[in-house]
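Here is how the chains run, residue by residue.
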Amino acid sequence: QVQLVESGGGLVQAGGSLRLSCAASGSIFSINAMGWYRQAPGKQRELVASITSGASTNYADSVQGRFTISRDDASKMVYLQMNSLKPEDTSVYYCYTNARLRSRGAEYAYWGQGTQVTVSS
């Protein structure tokens, strides 16, 4: 199985920055897309950013120009640099990856447990 562990969340003032990290581990054969979702209480889950194995990126309109997603395939890490944070960015952020296990040929989606980001006003 693939395990994903997020880190880097915390409390920050509006206008500040945070960098989220996500480490993938397990018997991974290959990793395709990686990215971040967020879900705040009472709100629908939102795809924040994604990045393919070819480094193509996509961002939600709400974070375009403020957030940057990147990956390090050697260490199986994905990052989310968040700048100019706003109170509405407050949420639990979840890392995901589409990956193949060495024991299975099909590609599956895997999710982390989340890291809390709180932006004060």
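Residues numbered from 1 in each chain as written. Predicted model: local features only at pLDDT ≥ 70, side-chain atom pairs only at ≥ 80, totals over all residues. Heavy atoms only, no water.

Could you clarify how one ought to interpret the packing of aromatic side chains in this entry?
Two aromatic rings are characterised by how far apart their centres lie and by the angle between their planes. The full count for this structure, using the stated rule, is three aromatic pairs. Where Y96 meets W111, the ring centres are 5.4 Å apart and the plane angle is 35°; that geometry is what we call tilted. In this pair, Y96 is assigned in strand 9 (residues 91–101) and W111 in strand 10 (residues 107–111), connecting sequence segments 15 residues apart. Sitting above the plane of the Y37 ring, R45 keeps its charged end 4.6 Å from the centroid. (Phe/Tyr/Trp six-rings, centres within 6.5 Å; stacked < 30°, edge-to-face > 60°. Helix = DSSP H or I, 4+ residues; strand = E, 2+ residues; numbered from the N terminus. Lys NZ or Arg CZ within 6 Å of the ring centre and 35° of its normal.)

Any chance you could explain the side chain of S91 here in plain terms?
Examined against the element boundaries, S91 turns out to sit in strand 9. At 2.8 Å, the side chain of S91 and the backbone nitrogen of Q39 are in polar contact. For S91, the contacting residues outside a window of four places in its chain are R38, Q39, A40, T115, Q116 and V117. (Polar contact = N/O pair within 3.5 Å; in protein donor to acceptor, adjacent residues only side chain to side chain. Contact = heavy atoms within 4.5 Å.)

Would you mind showing me how to read the sheet that holds strand 1 (residues 2–7) here?
Within a sheet, neighbouring strands are paired by backbone hydrogen bonds and run either parallel or antiparallel to one another. Read from one edge of the open sheet, four strands run 1-3-8-7, paired in antiparallel fashion. Lying at the two open borders of the sheet, with one neighbouring strand each, are strand 1 and strand 7 (67–72). In this sheet, adjacent strand axes meet at a mean angle of 15° when their direction is disregarded. (Pairing = 2+ DSSP bridges. Axes fitted to C-alpha atoms, helices over the stretch in contact; angles between N-to-C directions.)

I tried to follow the pattern of salt bridges on my own but got confused; where do I start?
Pairing of side chains with opposite charge becomes possible as their charged atoms draw close. Evaluated as defined, the whole model comprises four salt bridges. R38 is paired through a salt bridge with D89; the nearest N and O atoms lie 3.0 Å apart. Placement of the pair is R38 in strand 4 (residues 28–39) and D89 in the loop between strand 8 (77–82) and strand 9, with a sequence separation of 51 residues. Accessibility assignment for this pair places R38 and D89 in one class, buried. Here R66 and D89 are joined by a salt bridge, their closest N and O atoms 2.7 Å apart. Remark: D89 occurs in the loop between strand 8 and strand 9 and R66 occurs in the loop between strand 6 (57–59) and strand 7; sequence separation between them is 23 residues. On the accessibility criterion, D89 (1% relative accessible area) is buried. If you follow the salt bridges from partner to partner, you end up with R38, E46, R66 and D89 in one network. (Salt bridge = Lys/Arg side-chain N within 4 Å of Asp/Glu carboxyl O. Buried < 20%, exposed > 50% of the residue type's maximum accessible area, 1.4 Å probe, protein only.)

Sorry if this is basic, but what is going on with the nonpolar core here?
Formed by 30 residues in total, the largest nonpolar core has its most connected members in W36, L80, M82 and Y93. If you list the elements that add at least two residues to this core, you get strand 1, strand 3 (18–26), strand 4, strand 5 (46–51), strand 7, strand 8, strand 9 and strand 11 (115–120). Excluding anything up to four places from it in sequence, L80 contacts L18, R19, L20, W36, V48, A49, F67, T68, I69 and Y93. (Core = buried A, V, L, I, M, F, W, Y, C linked by side-chain atoms within 4.5 Å.)

Is there a simple way to think about the pairing of strand 7 in this case?
On strand 7, burial follows the alternation: F67, I69 and R71 on one face are buried, whereas T68, S70 and D72 on the facing-out side are not. Of the pairings in the sheet, the one linking strand 7 to strand 8 comprises six bridges and is antiparallel in character. Counted as the bridge partner of D72 is M77 from strand 8. Between strand 7 and the antiparallel strand that follows it, strand 8, lie four residues; K76 among them carries a positive phi value of about 55°.

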